[in-house]
Amino acid sequence: MIRTRAAVAVAPGKPLEIMEVNLEGPKKGEVLVEIKATGLCHTDEFTRSGDDPEGIFPAILGHEGAGIVVEVGEGVTSLEVGDHVIPLYTPECRECEYCLNPKTNLCQAIRSTQGAGLLPDGSTRFSMLDGTPIHHYMGCSTFANHTVVPEIALAKIRKDAPFDKVCYIGCGVTTGIGAVINTAKVEIGSRAIVFGLGGIGLNVIQGLRLAGADQIIGVDLNPGKVEMATRFGMTDFVNPSEVDGDLVAHLVELTKGGADYTFDATGNVNVMRTALEAAHKGWGESIIIGVAPAGAEISTRPFQLVTGRSWRGTAFGGAAGRTDVPRIVDWYMDGKIEIDPMITHKLSLDEINHGFELMHEGKSIRAVVEF
Ligand code: NAD
Ligand code: AHE
Ligand code: ZN
């Protein structure tokens, strides 16, 4: 058992509380990781706020981290002390029915315990100093200086990659670029619309540029996002609050008939409908990335699908983490993709709640906590 510092989500809607916590060592198939840096994703805020139907409290949130292996549990063969790793909220066991099916990345090996805030043996490794158990989150809990993660949920990465940048590959970068490359499989010359120019949407834009899209329209209510989105490849910007009349009609006109691909990176179900309906008749595909609040549902006229549009979704950009994440780290190190400008704020663990304020104010793309 060690003591470590963590930001604990004590109850829904409350600020995270920074405290010392107990952490038991790794059991069979588990690994103790010293987290060096973690990004703040909107999904952490979604759970902190109480909007997540799967939210359990108290819990240590955070799922966008990078760190160093400190200890390995019995039976761990693919990692050793000193390895650099990125925790994966979508694991890759390489054995389950899902891992063996190339159509999905949704490894189910530990899904039931992960969704319940537990490690695969059904218990938690974290507890408060008075012994109260603290739940894990998305199998990662990176808002702690140390965490325990199953071996199948750790991608081993090269040692020269900077933790404070590549932590973002643990969610935002991979989700956005992967949605384009793995899920939509966007072709050269495509027209695309990205709704929401935050930490995910900007990576969709970066992915679209990589894939050779000709037209990349960004849609956001916050004009402050234009400069960064343009830098990453946005060709046109639309602020819905400045469009006279119907937004769908405006976007269909701008794309000369509808987009080949549209992406929702807002989590707003009304935006998801607009995204579907702005996709081209006959072949347009709309990809849902955003996570919607508990109870929210999507709707459209079935005629929209009858006439050839399709509605799809993606988790972690369709990436098989242990295989794909080390490659994406290489892309970053080789200059194929950019991350640095999107890390707009660096914080200490004590300042983590300020990171969520910056997110709400629309001032940050990614705030990263460094330990
Ligand atoms: P973010 O807060 O950084 O960005 C959201 C952006 O959407 C902001 O720029 C905001 O101004 C814009 N926006 C909000 N409402 C809008 C509207 N009605 N019209 C147009 N723009 C609007 O959040 P993020 O970290 O980029 O995450 C985006 C979404 O993706 C969240 O719902 C998050 O939970 C989800 N997400 C999903 C996955 C996945 O695997 N599917 C992974 C990571 C994040
Ligand atoms: N717990 C929520 C759903 C949250 C959700 O959709 N999570 C995404 C990752 S978001 C990362 O920022 C995901 O991968 N889901 C797949 C899975 O198996 O959890 C709810 O609505 O219950
Ligand atoms: Zn995320």
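As the structure is a prediction and not an experimental result, all values here were calculated from the model.

What counts as what
Residues numbered from 1 in each chain as written. Chains lettered and ligands numbered in written order. Predicted model: local features only at pLDDT ≥ 70, side-chain atom pairs only at ≥ 80, totals over all residues. Heavy atoms only, no water. UniProt positions renumbered as here; feature names shortened; annotations may be inferred. Helix = DSSP H or I, 4+ residues; strand = E, 2+ residues; numbered from the N terminus. Donors = N, O, S within 2.8 Å, 3.2 Å for Na, K, Ca; no water. Tetrahedral: all angles 85-135°; square planar, octahedral: opposite > 155°, others 65-115°. Buried < 20%, exposed > 50% of the residue type's maximum accessible area, 1.4 Å probe, protein only. Near = heavy atom within 4 Å. Polar contact = N/O pair within 3.5 Å; in protein donor to acceptor, adjacent residues only side chain to side chain. Areas by Shrake-Rupley, 256 points an atom, 1.4 Å probe, with all protein chains shown as cover. Nonpolar A, V, L, I, M, F, W, Y, C, P; charged D, E, K, R; others polar. Domains from an automatic or database assignment. Pairing = 2+ DSSP bridges. Axes fitted to C-alpha atoms, helices over the stretch in contact; angles between N-to-C directions. Contact = heavy atoms within 4.5 Å.

Caption draft 1: Representation of the UniProt feature "domain: Alcohol dehydrogenase-like C-terminal" (unreviewed entry) in the protein within the structure. Taking the UniProt record as the reference, the feature "domain: Alcohol dehydrogenase-like C-terminal" (unreviewed entry) is found at residues 199–331. Between the end C-alpha atoms of residues 199–331 the distance is 18 Å, and the span holds 38% helix and 15% strand.

Caption draft 2: Local environment of the UniProt feature "domain: Alcohol dehydrogenase-like N-terminal" (unreviewed entry) in the protein. The positions UniProt marks with the feature "domain: Alcohol dehydrogenase-like N-terminal" (unreviewed entry) are residues 28–157. A distance of 22 Å separates the end C-alpha atoms of residues 28–157, which is 10% helix and 27% strand.

Caption draft 3: Summary view of the coordination of the zinc ion (ligand 3). Each protein donor to the zinc ion (ligand 3) is listed here as C41 (SG), H63 (NE2) and C171 (SG); together their distances run 2.1 to 2.3 Å. Coordination at the zinc ion (ligand 3) is tetrahedral: its four donor atoms span angles of 97 to 125° at the metal. Here the donor residues for the zinc ion (ligand 3) map to a single chain with the spacing C-x21-H-x107-C. Here C41 is found in the loop between β3 (30–39) and α1 (42–49), whereas its partner C171 is found in the loop between α3 (163–166) and α4 (172–184), with 130 residues between them in sequence. For C41, a relative accessible area of 3% puts it in the buried group.

Caption draft 4: Layout of the site of ligand 1. Among the 28 residues in the neighbourhood of ligand 1, the closest are listed as H42, T43, I200, D220 and F316. D220 places a polar side-chain atom, nitrogen or oxygen, 2.7 Å from an oxygen atom of ligand 1. Contact with the protein chains covers 86% of the free accessible surface of ligand 1, which is 860 Å². Residue classes in the shell around ligand 1 are distributed as 13 nonpolar, 12 polar and three charged. Domain assignment of the residues forming the shell around ligand 1 places at least three in each of domain 1 (2–170 + 339–370) and domain 2 (176–314).

Caption draft 5: Spatial organisation of the site of ligand 2. Every residue lining ligand 2 is accounted for by C41, T43, D52, P53, E54, H63, Y89, R111, M138, C171, V291 and A315. Measuring from an oxygen atom of ligand 2, one finds a side-chain N or O atom of H63 at 3.1 Å. Burial of ligand 2 by the protein amounts to 71% of the accessible area it has alone, namely 540 Å². Here the residues of the shell around ligand 2 are counted per class, giving seven nonpolar, two polar and three charged.

Caption draft 6: The sheet that holds strand β11 (residues 215–219), seen in detail. Read across the sheet, six strands follow the order β12-β11-β10-β13-β14-β15 without closing on themselves; strand pairing throughout is parallel. Strand pairing shows two members of the sheet lacking a second neighbour, β12 (236–238) and β15 (310–313), which therefore form its edges. Each adjacent strand pair in this sheet contributes to an overall mean axis angle of 20°, direction not counted. Bridge analysis of β11 against β12 gives three bridges, and the strand direction is parallel. If you follow G218 over to β12, its bridge partner there is F237. Of the strands in this sheet, β10 (191–195), β11 and β13 (261–264) are in contact with helix α5 (residues 201–211), which crosses β10 at around 165°.

Caption draft 7: Seen up close, the environment of I177. As for its placement among the helices and strands, I177 is situated in helix α4. Spatially, the C-alpha atom of I177 lies 23 Å from that of E277, the residues being 100 residues apart in sequence. Excluding residues within four positions of it along the chain, I177 makes contact with N203, V204, Q206, G207, L210, W331 and I337.

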